Amino acid sequence: MKRGEFIRLTTGIAVAAPLLYACGETKRGTSAIPGEIVGASAAAGHLLRDHTFNPPAAFEAKEVVIVGAGVSGLSAARYLVQHGVTDIIVLDLEQQPGGNAASGGNAFSKYPWGAHYVPVPNNNLTEYLSFLEEARVITGYDQAGLPVYDEFYICHDPEERLYVNGHWQEGLVPNFGLNAAELADFKQFFALIDHFKKLKGSDGLDAFSIPVDTSSRDESLRALDRMTMKVWMDSQKLTSEYIRWYVDYCTRDDFGTPYDMVSAWAGIHYFASRKGKAANAAHNDVLTWEQGNGFLIEALRKNLDGKIATGALATSVKASGDRVRISYLDVATRQLKGLEAKHCIMAVPQFVAARLLGDTERGKAVTDYFHYVPWMVANLTVGDLHERGGQPASWDNVIYGSASLGYVDATHQQVQQRKERRNLTYYLPLTHTSPEAARKEAYRAGHTFWAEKVLADLHRVHPDIREQTERIDIMLWGHAMVQPRPGMVHGEARKSLSESIGGAIHFAHTDLAGVSIFEEGFYQGLKAARKILQKT
Ligand SMILES: Cc1cc2nc3c(=O)[nH]c(=O)nc-3n(C[C@H](O)[C@H](O)[C@H](O)COP(=O)(O)OP(=O)(O)OC[C@H]3O[C@@H](n4cnc5c(N)ncnc54)[C@H](O)[C@@H]3O)c2cc1C
């Protein structure tokens, strides 16, 4: 939903309206280049934080209510329906399901607003592979039992390039203009990663596995969760500027967390947990679509017609005898409504869950241990861009030394070669200051500020970017993803907050994994759904 639209719809709530304007939510569309700031979650989140709602007059009965239609919530809903629990409803505050795997589009292509790819999956994730079969991403298996992926969904060549030392090189691991000692650091780093990929803990489990909870709990490995990636790299004498940049780029890319802040366990997990093999793709290939993971969202919701209520802001979740009462604001009618269910799955971030439950102790644990980084994502529609020398335009285009993660070309997966216009999705995790300060700054800034920031960065690699850009739309994700800082993955808070309340209120969100990736959301949903199936 466009931010302005959300404001218009909620102006009927007398107390809420001034709050929205106080947050500077109306700034938009003033840049010389057309576009706007899209997305309503901040306004809705502030409503939830700052406004007390009266209880609804009546509660409609449901077997299961799921709050949150991101990957985790939709995965839970899909699994319940497949197992015969059909009296369910999924509530989401946005107009479109998908959470931060949401997507948009224009006349030239669809494009992602957040999550945009999944790596070739690990072969032991059988439920996930079945889902990919359902989505027709996997078309069969070869004689060795390896999945065959639809070629349209394996990222087309050229896949990745890095602008470094004045030249576009192939791949993201820097090699252009590096001396022998700098190249040796990469050799050593990948040898260590190879060791971790094969390593098993004393409990016989893989050292690094997906979901994270299937990883070994060997003490020597857990020790890695008590230091940062930087400290671990220091201990390995991996000191060259290039290896540090590369690891920092990767941890900001997957976790929105710089390498000197992320847990070494999580940092190594990024590299060492992916072991997937395919009949027709390399182990490091990725699966992607014009609309990014929005494609997988469509597949998850395939059999959920009539079971997803969008524009539905949950305002409270309360145990009531052996039932759960869920109140929500129906944004379209501006009415508060009630649901009473046998089970509720809270597929929302933990800071939202704590507010909905009205649980201050839980809220304190979240504030102490869960840190959510904001991101800015821009979609640009561009004509023919001037290219600097080297590797041609690729799906993923990264600039060495930039605070951004570069851009992904949403039109890259289209089959036709000549494209009238391209849509580029630009990613910037806001890690330059504390998440709280960055969030405030982000919401204060208007469209012009963000558009200029994107153009200034891309000007280094495309000098005519300003002349060639027709439109820039901006998405601000205030709490984009949880940061796996030291102590997050192997700490107690994550485990205790995952536990169900009274056998009726369950939790499912990627922040409970500590690692925000599609597979974790998929399994969070399955885990919560299974708890319910065991009781029915
Ligand atoms: C910019 C960005 C890029 C990413 N790129 C990738 C990628 O390429 N690959 C990858 O695997 N992962 C990526 N991720 C990680 C991504 O977060 C996960 O893969 C996954 O989409 C998270 O799903 P979720 O259901 O756990 O959470 P969310 O997506 O956070 O879903 C929570 C849902 O709850 C809803 N909600 C919140 N409060 C309420 C309320 N009070 N009432 C009703 N509804 C509410 C929200 O609207 C949302 O839909 C990216 C994340 C971001 C932010």
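The model shown is predicted, which means the values in this text are computed figures rather than measured ones.

Caption draft 1: Just the site of the ligand, in detail. Taken together, 33 residues form the shell around the ligand, and within it Ser72, Asp92, Asn100, His509 and Phe518 come nearest. In this structure, Ser72 approaches the ligand through a side-chain N or O atom, which is 2.8 Å from an oxygen atom. At 2.8 Å from an oxygen atom of the ligand is found a side-chain nitrogen or oxygen belonging to His509. Here the ligand, which alone exposes 1,000 Å², has 94% of that area covered by the protein. Broken down by secondary-structure element, the contributors of at least two residues to the shell around the ligand are helix H4 (71–82), strand E13 (312–320), strand E16 (372–382) and strand E20 (469–482). At 3 residues, E13 tops the list of elements feeding residues into the shell around the ligand. Residue composition of the shell around the ligand, by class: 20 nonpolar, 11 polar and 2 charged.

Caption draft 2: A look at helix H14 (residues 435–444). Where H14 is concerned, the buried positions are Pro435, Ala438, Arg439, Ala442 and Tyr443. One side of H14 holds all its buried residues, which, seen down the axis, span an arc of 125 degrees. Opposite the buried face of H14, at more than 90 degrees from it, the exposed residues are Lys440 and Arg444.

Caption draft 3: View of helix H15 (residues 447–459). In this model, H15 (13 residues) spans 18 Å end to end at C-alpha, consistent with the 18 Å of a helix rising 1.5 Å per residue. Among the residues of H15, those classed as buried are His447, Trp450, Ala451, Val454, Leu455, Asp457 and Leu458. Each buried residue of H15 sits inside an arc of 165 degrees when the element is viewed along its axis, so together they form one side.

Caption draft 4: Layout of the sheet that holds E20. Spatial strand order, E1-E20-E16-E19-E18-E17-E9-E10: 8 strands in an open sheet with mixed pairing. The sheet is open, and its two edges are formed by strand E1 (37–38) and strand E10 (167–170), each paired on a single side. In the sheet, E16 pairs with strand E19 (residues 422–429) via 8 bridges, with the strands oriented antiparallel. From the neighbouring strand, Trp375 faces E19, where its bridge partner is Pro429. Taken strand by strand, helix H9 (residues 241–255) contacts strand E9 (160–164), E16, strand E17 (396–399), E19 and E20, and its axis lies near 130 degrees from that of E17.

Caption draft 5: Structural view of the environment of Ile89. Residue position: Ile89 is located in strand E3 (residues 88–91). A relative accessible area of 14% places Ile89 in the buried class. In contact with Ile89, other than residues within four places in its own chain, are Lys62, Val64, Val65, Ile66, Lys307, Ala309 and Leu339.

Caption draft 6: Geometry of the packing of H4 against helix H18 (residues 518–535). Where H4 contacts H18, the axes come no closer than 7 Å and their chain directions differ by 45 degrees. As judged from the angle between their axes, H4 and H18 are oblique. Of the two elements, H4 crosses H18, and the hand of that crossing is right-handed. Two secondary-structure elements touch here, H4 through Val71, Ser72, Ser75, Ala76, Arg78, Tyr79 and Leu80 and H18 through Phe518, Gly521, Phe522, Gln524, Gly525, Leu526, Ala529, Arg530, Ile532 and Leu533.

Caption draft 7: Representation of unusual backbone geometry. Cis geometry marks the peptide bond from Asp157 to Pro158, where omega comes out at -10 degrees. The phi dihedral of Lys237 is positive, around 60 degrees, even though this residue is not glycine. Structurally, Lys237 can be placed in the loop between helix H8 (229–235) and H9. For Lys237, a relative accessible area of 63% translates into the label exposed. The backbone of Arg334 sits at a positive phi, close to 60 degrees, despite the residue not being glycine. Along the chain, Arg334 turns up in the loop between strand E14 (323–330) and strand E15 (335–346).

Caption draft 8: Looking closely at the packing of aromatic side chains. As enumerated under the stated definition, the model contains 27 aromatic pairs in all. Relative to Trp113, the ring of Tyr111 has its centre 5.6 Å away and its plane inclined at 85 degrees; by these criteria the two rings are edge-to-face. Take Tyr111 and Trp113: they sit in the same class, and that class is buried. For the cation-ring pair, Arg161 lies above Trp168, with the distance from its terminal atom to the ring centre recorded as 3.6 Å. One Lys or Arg, Arg362, reaches over the ring of Phe507 and ends 4.0 Å from the middle of that ring.

Caption draft 9: Representation of the pairing of E20 in the model. Counting buried residues in E20 gives 11 out of 14 residues, a clear majority hidden from the surface. Sheet analysis places E1 next to E20, joined by 2 bridges and oriented parallel. From the neighbouring strand, Val38 faces E20, where its bridge partner is Met475. As judged from the 10 bridges shared by E16 and E20, these two strands associate in the antiparallel manner. Bridge pairing in E20 links Ala378 to Ile474.

Caption draft 10: Fine view of the side chain of Asp253. With respect to the helices and strands, Asp253 occurs in helix H9. The buried charged residue Asp253 lacks any salt bridge, with Arg252 as its nearest oppositely charged partner at 8.5 Å. Excluding anything up to four places from it in sequence, Asp253 contacts Tyr117, Tyr270, Trp375 and Leu405.

Conventions used here
Residues numbered from 1 in each chain as written. Predicted model: local features only at pLDDT ≥ 70, side-chain atom pairs only at ≥ 80, totals over all residues. Heavy atoms only, no water. Near = heavy atom within 4 Å. Polar contact = N/O pair within 3.5 Å; in protein donor to acceptor, adjacent residues only side chain to side chain. Areas by Shrake-Rupley, 256 points an atom, 1.4 Å probe, with all protein chains shown as cover. Helix = DSSP H or I, 4+ residues; strand = E, 2+ residues; numbered from the N terminus. Nonpolar A, V, L, I, M, F, W, Y, C, P; charged D, E, K, R; others polar. Buried < 20%, exposed > 50% of the residue type's maximum accessible area, 1.4 Å probe, protein only. Arc of directions from axis to C-beta. Expected span 1.5 Å × (residues − 1). Pairing = 2+ DSSP bridges. Contact = heavy atoms within 4.5 Å. Axes fitted to C-alpha atoms, helices over the stretch in contact; angles between N-to-C directions. Parallel < 35°, antiparallel > 145°, perpendicular 65-115°, else oblique. Left-handed = near helix turned anticlockwise from the far one by under 90°. Phe/Tyr/Trp six-rings, centres within 6.5 Å; stacked < 30°, edge-to-face > 60°. Lys NZ or Arg CZ within 6 Å of the ring centre and 35° of its normal. Lys, Arg positive; Asp, Glu negative; His and termini not counted. Salt bridge = Lys/Arg side-chain N within 4 Å of Asp/Glu carboxyl O.

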